[in-house]
Every structure is written in C-alpha cells, then in structure tokens.
Amino acid sequence: MYTQEFTHRLDELTHKFKKTFGELSESQIHRKPDAETWSIAQNLEHLILINESYFPVIDRLRNKNHKKPFTAKLGFLVNFFGKVILKSVQPDTSKKTKTFSIWKPSENTASEDILKRFIEHQEKLKEKILDSEDLLEQNAVISSPANPKIVYKLDAAFKIILAHEERHLQQAKKLLEFPQSNL
C-alpha cells in the first residue's frame, strides 16, 4: 500500500534525473556558476549521502535495536517534527537550508559517473522502501540521522526523502539556465 506510492514517485524522480542530466558531459555535470553554488554532481552526491544515512537507522529499526529517545513517546512531537521537516524540504520552499556537515558533498570535481551512481543508489533506496512495508504499517518511529532527538514516523521520512530529491532536482535544473561560459 504505502510502498507503491513511494516507489512510484521514486521511479518518476529517477526518470526525471536521467532525462534532464543523462546527456550532459562530465564537465557539464561538475560546472558551478560560483563557489557558493553546488554543481549538479554535488546535488546528486548530497542526495546519495543523505538518503544513505537513513539506511542504518532503518536497519536498526528492522533488527529491533533502534534506541528511541524519550521524544519518540510524545506523539504530538513526532508529528510536529515530521511536518516541519517535510515543509522545509518542499521544492517550492524558497528559504535556503544549511545542510549538516555529514551531508555536504565533496568539493572534488573528479568524481566520475555520479549520475550512474545516483541511479544505482535509487535502486537501493527503492529496495529499502519495499522492505519497509511492515514497518510502515506499524507506524514505526525513527530518529533523524542528523540528530537522534528529532523523531518522526518512517512514512514521514520517506516523504521527506522524496520531497528533498524533488527540491534538489529543481535546484540542479536551474544550473542548466546559466550560459555555458559561466559554468
């Protein structure tokens, strides 16, 4: 039930990334209009880093060795955190959000095949979602990979991941608008 909606959206996003950036050269995918803006490659690497940081949390939940903080017992707080974080990563949110250092992409422009690695990552994420059907049905609560005191339901985590991917797709697309001489 849940997983179909999530995996369908994930497949759509993966297709959009492939279609939008699949024909770009390595140099185009690594170009930056300025030092403060992430390249397309850095956007992709950031998504891989953040999504993969959820994997051990979900695995601990699956293996029943996920230590939930006290905040996980407070349903209103669980719902509050989920809603606030989901709202902050929406594609139409214009406010820039500073990322945690664990999720910052490298400044190395030599990483090749980032789009291929991203697409492979999307398949791993899809498997993780599909394997979580029972956890979703149980309304499982997880801790944020960035701060264990921040808790939300697993279904909110997948919604956050997908909205965040859409947000970075839009950010990366904007880089295509810059004249090639600036990139």
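Since the structure is predicted, the reported quantities are computational estimates derived from the model, not experimental observations.

Engineer: What should I look at first to understand the confidence of the model for the chain in this one?
Structural biologist: Interpretation of this model should avoid reading the predicted coordinates in detail wherever pLDDT is low. Averaged over the chain, the pLDDT score is 87; the fraction of residues at 70 or greater is 91%. Summarising per-element confidence for the chain, the mean pLDDT is lowest in helix α4 (residues 75-88) (87) and highest in helix α5 (residues 114-130) (96).

Engineer: Which parts of the structure should I look at to understand the packing of helix α1 (residues 2-21) against helix α7 (residues 154-175)?
Structural biologist: The geometry of a pair of packed helices is captured by two quantities: the angle between their axes and the separation between those axes. Between α1 and α7, the shortest axis-to-axis distance is 11 Å and the interhelical angle comes to 15°. Between α1 and α7, the crossing angle belongs to the class labelled roughly parallel. In this structure, α1 meets α7 at a crossing whose hand is left-handed. For the pair α1 and α7, contact is made by Y2, F6, R9, L10, L13, K16, F17, T20 and F21 and by D155, F158, K159, L162, A163, E165, E166, L169, A172 and K173, respectively. Taken together, the residues of the contact of α1 with α7 sort by class into 11 nonpolar, 1 polar and 7 charged.

Reading the values: the criteria
- Residues numbered from 1 in each chain as written.
- Predicted model: local features only at pLDDT ≥ 70, side-chain atom pairs only at ≥ 80, totals over all residues.
- Heavy atoms only, no water.
- pLDDT = per-residue confidence, 0-100.
- Helix = DSSP H or I, 4+ residues; strand = E, 2+ residues; numbered from the N terminus.
- Axes fitted to C-alpha atoms, helices over the stretch in contact; angles between N-to-C directions.
- Parallel < 35°, antiparallel > 145°, perpendicular 65-115°, else oblique.
- Left-handed = near helix turned anticlockwise from the far one by under 90°.
- Contact = heavy atoms within 4.5 Å.
- Nonpolar A, V, L, I, M, F, W, Y, C, P; charged D, E, K, R; others polar.

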